[in-house]
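Structural features, examined
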Amino acid sequence: MSTTVSGKSGTWRNWAGNVTARPVREVTPASVDELSAAVRKAAEDGLTVKAVGTGHSFTAAAATDGVLIRPQLLTGIRKIDRAAMTVTVEAGTPLKRLNMALAREGLSLTNMGDIMEQTVSGATSTGTHGTGRDSASIAAQIKGLELVTADGSVLSCSEHENPEVFAAARIGIGALGIVTAITFSVEPVFLLTAREEPMTFDRVTADFEELFTENEHFEFYWFPHTGNCNTKRNNRSAGPEKPVGPIRGWIEDEFLSNGVFQVANLLGRAVPAAIPSIARLSSRALSARTYTDIPYEVFTSPRRVRFVEMEYAVPREALVETLRELKSMVDRSSLRVSFPVEVRTAPADDITLSTASGRESAYIAVHMFRGTPYQAYFTAAERIFTAHEGRPHWGKVHTRDAEYFTKVYPRFGEFTALRDRLDPDRRFANDYLRRVLGS
């Protein structure tokens with residue numbers, strides 16, 4: 001199989017439709033050697049290079065006017081090491097395919113985000129995470145990385161091999177090279193019992209520390225313009241397995257959470273004044289339920305209603321105050337917000353530019369339906385988040401720059417120094433990286 005090269009200067013768009021780019025050419029390498037050759041050819045032509053997965057980032061992290069690398073031929077599991085309890089997977093593999101393949105082998109990742117459409121490299125490079133008291137982001141489960149650097153050479157890293165690269169490249173935002181393979185830590189597949197139930201905003205915020213402490217994975221959604229939340233508690237279970245029934249699953253996860261919710265958002269976009277009433281109905285649409293299943297069936301959900309998102313990590317101890325400030329801001333304003341606010345947590349990790357680097361973190365994600373003006377809402381929310389030393393998700397909308405990041409990331413200089421060493425000519429640069437990392 002040979003590399004596919006397209007000379008067409010077509011327009012690339014991300015999933016949300018808020019980012020576009022017009023690369024000079026697209027390359028779909030079928031091997032690491034072909035990817036290395038594509039990077040070297042770009043250098044000869046004086047072009048920058050970026051790899052793009054499924055486009056689920058809301059920032060322009062993958063946008064380029066140079067060479068766009070599409071990794072869909074670099075897929076599949078390279079190796080399962082049951083002695084070390086690791087799996088090595090090609091970078092273009094979708095998380096969904098990885099999760100299903102691991103389950104067939106009786107294995108699982110320890111934690112994961114709430115969608116699984118992204119490629120493994122795209123998800124980890126931007127810091128995709130779920131929620132967890134003790135278990136951290138997907139990138140924190142990485143045991144080894146392989147990447148093609150700016151001169152076309154292939155570099156491997158782990159805790160023991162090129163450890164300074166490993167510390168940074170697990171969440172590299174595409175600035176250090178193009179990831180070609182990832183080795184994840186895995187464990188025997190296990191069961192999770194999910195308990196979903198409505199709860200008031202006042203109760204969630206008053207009891208947050210207790211809810212966080214008592215559950216391995218706790219998250220909740222607050223519906224703006226209401227005092228209502230939906231909560232979800234996931235904990236390991238001895239079984240028996242008791243998944244959501246197919247009929248109820250379709251009604252709640254497809255019909256209500258996607259179909260009806262899509263219609264509600266279309267109505268809200270057309271008639272913004274109706275949004276508070278719609279929010280009150282939406283917040284009561286789902287009833288309590290409990291089910292037990294394998295991890296990816298519990299952690300992940302279908303997300304078919306398209307939106308634009310901003311998410312910030314704040315110190316966990318600042319979560320309740322930050323969230324109350326956000327609610328007060330929305331209540332006082334003329335904003336009309338039809339999407340719920342998502343709240344999750346993560347333990348501290350040791351990845352240089354992880355949003356949880358060196359501190360226990362809580363995540364607050366604000367969303368707006370695609371096609372709805374979001375700037376006023378996001379600007380007001382970002383002002384609250386940054387007042388609490390918030391760190392924005394690298395793949396979600398924000399306006400922060402390198403000057404800000406030097407203040408909230410103690411190891412920011414380590415990352416930029418490594419970038420200077422691995423990519424001195426900025427082969428992997430674009431406007432987004434120049435803003436967030438400096439020139």
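Above this note sits the structure.
Residues numbered from 1 in each chain as written. Predicted model: local features only at pLDDT ≥ 70, side-chain atom pairs only at ≥ 80, totals over all residues. Heavy atoms only, no water.

Let's talk about the environment of tyrosine 312
Using the following cut-off: Under the scheme used here, helices are H or I runs from DSSP no shorter than 4 residues and strands are E runs no shorter than 2 residues, and both carry numbers assigned from the N terminus. Residue contacts follow a heavy-atom distance rule, with two residues in contact if any of their heavy atoms lie within 4.5 Å. Side-chain atoms alone can form a polar contact between residues adjacent in sequence; in general such a contact is a pair of N or O atoms within 3.5 Å, and within protein one must be able to donate a hydrogen while the other accepts it.
Here tyrosine 312 lies in strand β18 (residues 307–315). Expressed as a C-alpha distance, the spacing of tyrosine 312 and alanine 365, which sit 53 residues apart in the sequence, is 6.5 Å. Every residue in contact with tyrosine 312, bar those within four places of it in the chain, is listed here: Ala362, Tyr363, Ile364, Glu382, Phe385, Thr386, Gly390, Arg391, Pro392, His398 and Arg400. Within polar-contact distance, the side chain of tyrosine 312 engages the side chain of glutamate 382 at 2.5 Å.

Overview of the packing of aromatic side chains
Rules: Within 6.5 Å between ring centres, the rings of Phe, Tyr and Trp (the latter by its six-membered ring) count as paired, and their orientation is classed by plane angle as stacked under 30 degrees, edge-to-face over 60, tilted in between. Three labels apply to residues, based on accessible area from a 1.4 Å probe with only protein chains included: buried if under 20% of the type maximum, exposed if over 50%, partly exposed otherwise in between. Should the NZ of a Lys or the CZ of an Arg lie within 6 Å of a ring centre and within 35 degrees of the ring normal, that charge is described as sitting over the ring.
In total, this model carries 17 aromatic pairs according to the counting rule given. On the numbers, 5.9 Å between centres and 35° between planes, the contact of phenylalanine 218 with phenylalanine 220 is tilted. The pair phenylalanine 218 / phenylalanine 220 is uniform in exposure class, with both members buried. Look at tyrosine 374 and phenylalanine 378: their rings are 5.0 Å apart centre to centre, the planes differ by 45°, and that puts the pair in the tilted class. For the residue pair tyrosine 374 and phenylalanine 378, the accessibility class agrees, reading buried in each case. Aromatic rings pair up to connect Trp15, Phe58, Phe261, Phe307 and Phe339 into one cluster. Over the aromatic face of phenylalanine 166 sits the side chain of arginine 170, whose NZ or CZ is 4.1 Å from the ring centroid. Here the guanidinium or amino end of lysine 327 rests over the ring plane of phenylalanine 201, the centre of that ring lying 5.6 Å away.

Section: helix α7 (residues 246–270)
Working note: α-helix, 3.6 residues per turn, so residues spaced by three or four point in the same direction. Our working rule: Take the residue count of a helix, subtract one, and multiply by 1.5 Å to get its expected span. Think of it this way: the bend at a residue is just the angle between two axes, each fitted to seven residues, one set ending at that residue and the other starting at it.
Taking 1.5 Å per residue as the helical rise, α7 with its 25 residues ought to reach 36 Å, and the 33 Å between its terminal C-alpha atoms agrees with that figure. Approximately 40° is the largest bend angle found in α7, and it occurs at phenylalanine 255. Those residues of α7 that fall on the buried side of the exposure criterion are Gly249, Glu252, Asn258, Phe261, Ala264, Asn265 and Gly268. Residues of α7 that are buried in the fold lie against α8 (275–282), β17 (289–293) and β20 (361–369).

Some remarks on unusual backbone geometry
Note that the residue after glycine 239, namely proline 240, is joined by a cis bond; omega there is 5°. Structurally, proline 240 can be placed in the loop between β16 (228–237) and α7. Not every positive phi belongs to a glycine, and asparagine 162 is a case in point at roughly 50°. Take asparagine 162: it is sitting in the loop between β11 (154–158) and α4 (163–169). Of note, the phi angle at histidine 225 is positive, near 75°, even though the residue is not glycine. The topology assignment puts histidine 225 in the loop between β15 (217–222) and β16. Given the relative accessible area of 16%, histidine 225 is considered buried.

Here's the deal with the sheet that holds β17
Either a parallel or an antiparallel arrangement is found when strands of a sheet pair, and the pairing is made through backbone hydrogen bonds. Here is the rule we go by: Strand pairing is assigned whenever DSSP detects at least two bridges linking the two strands. Here an axis means a line fitted to C-alpha atoms, over the contact stretch when the element is a helix, while the angle between two N-to-C directions is reported on a 0 to 180 degree scale.
With antiparallel pairing, the eight strands of this open sheet are ordered in space as β17-β14-β16-β15-β19-β20-β18-β21. The two strands at the open ends of the sheet, each matched to only one other strand, are β17 and β21 (391–392). By the bridge criterion, six bridges tie β15 to β16 in an arrangement that is antiparallel. The partner of tyrosine 221 across the bridge, within β16, is asparagine 230. On the sheet, helix α10 (residues 319–332) packs against β15, β18, β19 (341–346) and β20 and is oriented at approximately 20° with respect to β20.

Here we look at the pattern of salt bridges
Worth spelling out the cut-off: Salt bridge, as used here: a side-chain nitrogen of Lys or Arg that lies within 4 Å of a carboxyl oxygen of Asp or Glu.
Tallied over the full model, the rule gives 32 salt bridges. Arginine 316 serves as the salt-bridge partner of glutamate 209, at 2.8 Å between the closest nitrogen and oxygen. With glutamate 209 in helix α6 (residues 208–214) and arginine 316 in the loop between β18 and α10, this pair connects stretches of sequence that are 107 residues apart. Under the relative-accessibility criterion, glutamate 209 is labelled partly exposed at 40%.

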